[in-house]
Amino acid sequence: MNLGENIKKGSASWSFEDIPLDKFETHIERSIPCYKLTHDLGLWTSDFFCSQNSRVYDIGSSSGKFLGNLHKRHLEKNLELIGIEPVEEMCKDSQRKYNQINFINSDIRDISLEKSSFITSYYTMQFIPTACRQDIISKIYESLEWGSSFLMFEKVRAPDARFQDYMTQIYTEYKVKQNYTAENILSKAQSLKGVLEPFSHKGNMDLLKRAGFKDVMSIYKFICFEGFLAIK
């Protein structure tokens, strides 16, 4: 099945390991509305939480582009920037491109987090098994300094079947506007079965609240994608 950008996958077999490194950014930017804007939102938000010599994590750092831009934005602050990326080739490529940043080739479930001032996650939790998500969000909460924040962007499910139907159709229209074919769109949906499991707005808010976050707001919303800013 052809998913676009010459990515070929079977049913329920989506994996980031199979995306050619030179195609990753193109595929993500075409697939996720306002992807660059959500990176800008992360950079703008970072100004409130990235203090001198503080530590920052990006969970699921993929190409490393966000952390690379964060490094440039806060050059004078001597930040310790850490990307956590389970795909080995992607991690190696990020380390080669951004040698000022420490990229760890690991699953977030398998490592401990040190005290930090700002943690980001761009469309990563939705690919983590649902049974593990609460433990990860709780781990993030515990690692943050008081007054620091977690910024999470996710694909989200609608609150009921009618709205879900609306959002699915609108998102399909968006993908058609990105010049994906009907085959590309159907193939991508089939490849993601059982791999991508979004929660609703309420489901994500419940995760954050149970972890201990009391101050949480939606910082971004477009069709079936949402950004959450949670402050400890």
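This section reports on the structure supplied with the text.

1. Let's talk about the overall build of the chain
Now for step 1: Per the secondary structure count, the chain includes 8 helices and 8 strands.
Now for step 2: In terms of C-alpha radius of gyration, the chain reaches 17 Å, essentially the compact-globule figure of 17 Å for 232 residues.
Now for step 3: Once the C-alpha set of the chain is aligned to its principal axes, its extents read approximately 50 × 40 × 30 Å.
Now for step 4: Here the chain holds 232 residues, and the buried ones make up 51% of them.
Now for step 5: Taking the contacts inside the chain whose residues are at least 6 apart along the sequence as the reference set, 73% of them involve residues at least 24 apart.
Now for step 6: Carbon and sulfur atoms make up 52% of the accessible area of the chain, which amounts to about 11200 Å² in all.

2. What about the pairing of strand β1 (residues 55–59)?
Now for step 1: The element β1 is largely enclosed, with a buried count of 5 among its 5 residues.
Now for step 2: Every second residue of β1 is oriented toward a common face, with R55, Y57 and I59 on one face and V56 and D58 on the other, all of them buried.
Now for step 3: With 5 bridges joining them, β1 and strand β2 (residues 80–84) adopt parallel strand pairing. Across the sheet, the residue bridging to I59 is I84, located in β2.
Now for step 4: Note on the crossover from β1 through helix α3 (residues 65–73) to β2: the handedness is right-handed.
Now for step 5: Relative to strand β4 (residues 116–122), β1 runs parallel, the two sharing 4 bridges. The partner of D58 across the bridge, within β4, is T120.

Rules and cut-offs
- Residues numbered from 1 in each chain as written.
- Predicted model: local features only at pLDDT ≥ 70, side-chain atom pairs only at ≥ 80, totals over all residues.
- Heavy atoms only, no water.
- Helix = DSSP H or I, 4+ residues; strand = E, 2+ residues; numbered from the N terminus.
- Rg over C-alpha atoms; globule rule 2.2 N^0.38 Å.
- Buried < 20%, exposed > 50% of the residue type's maximum accessible area, 1.4 Å probe, protein only.
- Contact = heavy atoms within 4.5 Å.
- Areas by Shrake-Rupley, 256 points an atom, 1.4 Å probe, with all protein chains shown as cover.
- Pairing = 2+ DSSP bridges.
- Right-handed = clockwise from strand over helix to strand, strands pointing away.

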